[in-house]
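The primary structure of each chain is shown beneath.
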Amino acid sequence: MKLLTTLFLAGGLMTASFAYAAPDADAAQALLKKSNCTKCHSVDKKKDGPAYKEVAKKYKGKADAEAKLLTHITTGPMIEIDGVKEEHSKVKSSDVAEQKNLVQWILSL
Ligand code: HEC
């Protein structure tokens, strides 16, 4: 409950003053683990999927970064791994504040 309250508050702060709210790294990483994202991604090494630092670099300075990544991790778009098409995993949380925290953490790397 405490975590959810924190996320809720953080979400509110981010809307009010984006620059001052740091994403909760522990919550973000816990959600990655829970959703098995770690199978294909790591923070700084390429696996089947790009390193999150590369993702952050790719989206740096882009205004629609957060929206794009939120869509990517919640709608299961088609991706290609070694020539095989498959649906990208969805994050195992329906809590938008939690999803946003994860995206903001990735973009902060
Ligand atoms: C089966 C392997 C696999 C799993 C599991 C996986 N991903 Fe990915 N992910 C990929 C691949 C491959 C790409 C590159 C897709 C592309 O660029 O078309 C990607 C791309 C991404 C991107 C960048 C999207 C962009 O627009 O550049 C993010 C962010 C991401 N994944 C997050 C996650 C999260 C969060 C999870 C867990 C819910 C996850 N991934 C689980 C393989 C995986």
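Look above for the structure.
From a predicted model like this one, the values you see are computed outputs, not experimental measurements.

K.L.:
Outline the environment of L70, supporting the account with residue identities and numerical values.
P.N.:
Mapped onto the secondary structure, L70 falls in helix 4 (residues 65-75). Assessed through its relative accessible area of 16%, L70 is described here as buried. For the pair L70 and Q104, spaced 34 residues apart in sequence, the C-alpha separation works out to 9.5 Å. Once residues lying within four places of it in the same chain are set aside, the contact partners of L70 are Q99, K100 and V103.

K.L.:
So what about the site of the ligand? Which residues, and what values?
P.N.:
Around the ligand sit 24 residues, and of these C37, C40, H41, Y59 and H88 come closest. Between the ligand and the protein, one listed contact pairs a nitrogen atom with a side-chain N or O atom of H41 at 2.8 Å. Where the shell around the ligand is concerned, the elements lending two or more residues are helix 3 (52-59), helix 4 and strand 1 (78-81). Sort the elements by how many residues they give to the shell around the ligand and helix 3 lands first, with 4 residues. Grouping the amino acids of the shell around the ligand by side-chain chemistry returns 13 nonpolar, 7 polar and 4 charged.

The rules behind the values
Counting from 1, residues in each chain are numbered in the order their sequence is written. Totals for whole chains, interfaces and linings use every residue, but because this is a predicted model, local features are given only for residues with pLDDT of at least 70 and side-chain atom pairs only at 80 or more, for both listing and counting. Note that the side-chain values use all heavy atoms of the structure and ignore hydrogens as well as water. The helix count covers DSSP runs of H or I at least four residues long, the strand count covers runs of E at least two residues long, and both are numbered beginning at the N terminus. Relative accessibility under 20% of the residue-type maximum defines a buried residue, over 50% an exposed one, and the middle range a partly exposed one, all with a 1.4 Å probe and only protein chains included. The contact definition used throughout considers only heavy atoms, calling two residues in contact when any of these lie within 4.5 Å. For each residue, the test is whether any non-hydrogen atom lies within 4 Å of the molecule or strand; if one does, the residue is near. Here a polar contact is taken to be a pair of N or O atoms separated by no more than 3.5 Å, where protein atoms must pair a possible hydrogen donor with a possible acceptor and residues adjacent in sequence count only if both atoms sit in side chains. All residues other than Ala, Val, Leu, Ile, Met, Phe, Trp, Tyr, Cys, Pro, Asp, Glu, Lys and Arg, Gly among them, are scored as polar; the first ten of these are nonpolar and the last four charged.

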